[in-house]
Amino acid sequence: MSNQKLKSEFKNQLNIVKVALAKKQYKTAFYHLENAHILGQNNLYRHTLSHYYMLILGCKTKNSKEIIGQVLRIFASILFTLIWVPIGNTRRYQHISSKKESY
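Residues numbered from 1 in each chain as written. Predicted model: local features only at pLDDT ≥ 70, side-chain atom pairs only at ≥ 80, totals over all residues. Heavy atoms only, no water.

### Looking at the environment of I78
Heads up, the rule is: Under the DSSP-based scheme used, a helix requires at least four consecutive residues in state H or I and a strand at least two consecutive residues in state E, with every element numbered from the N terminus. Exposure is judged per residue with a 1.4 Å probe applied to protein chains only, and the accessible area is read against the type maximum: over 50% gives exposed, under 20% gives buried, and values in between give partly exposed. The contact criterion used throughout is that any non-hydrogen atoms of two residues lie within 4.5 Å.
Mapped onto the fold, I78 is located in helix α4 (residues 64-80). In this structure I78 comes out as partly exposed when scored by relative accessible area, which is 44%. Setting aside chain neighbours within four positions, we find I78 in contact with L44 and T48.

Below, the structure is given as structure tokens:
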């Protein structure tokens, strides 16, 4: 996937997350956050932003483990995004996105 297409699809997934959070549709938000996270992993800003929204989701669901985990992951994403990204995650997203969504 080209960088421009990754960026565009990341924004699309994040917009779906924002709407789902506003409607308190937390399962839908989490599903699209996972997609956004995969799409944003090779970019420092987008990767960190995906963890920020996961933190927001943790706060809205009052999940203390998720909150602590996301605070740590935000710091880790800032430190490690430019060094290491798991190979194959964007291929996983392409497979996921080829399935018809029920949302």
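### A short note on the confidence of the model for the chain
The line we're drawing: For every residue, the pLDDT score states the predictor's confidence, bounded by 0 at the bottom and 100 at the top.
Confidence along the chain averages 85 in pLDDT terms, with 81% of residues attaining 70 or more. When pLDDT is averaged over each element of the chain, helix α3 (residues 44-60) comes out on top at 96 and helix α5 (residues 89-98) at the bottom at 52. The model gives residues 98-103 a pLDDT under 50, and that stretch makes six contacts with residues more than four places away or in other chains.

### Quick notes on the side chain of H51
Among the structural elements, H51 can be located in helix α3. Discounting chain neighbours no more than four positions away, the residues touching H51 are H37, Q70, R73, I74 and S77.

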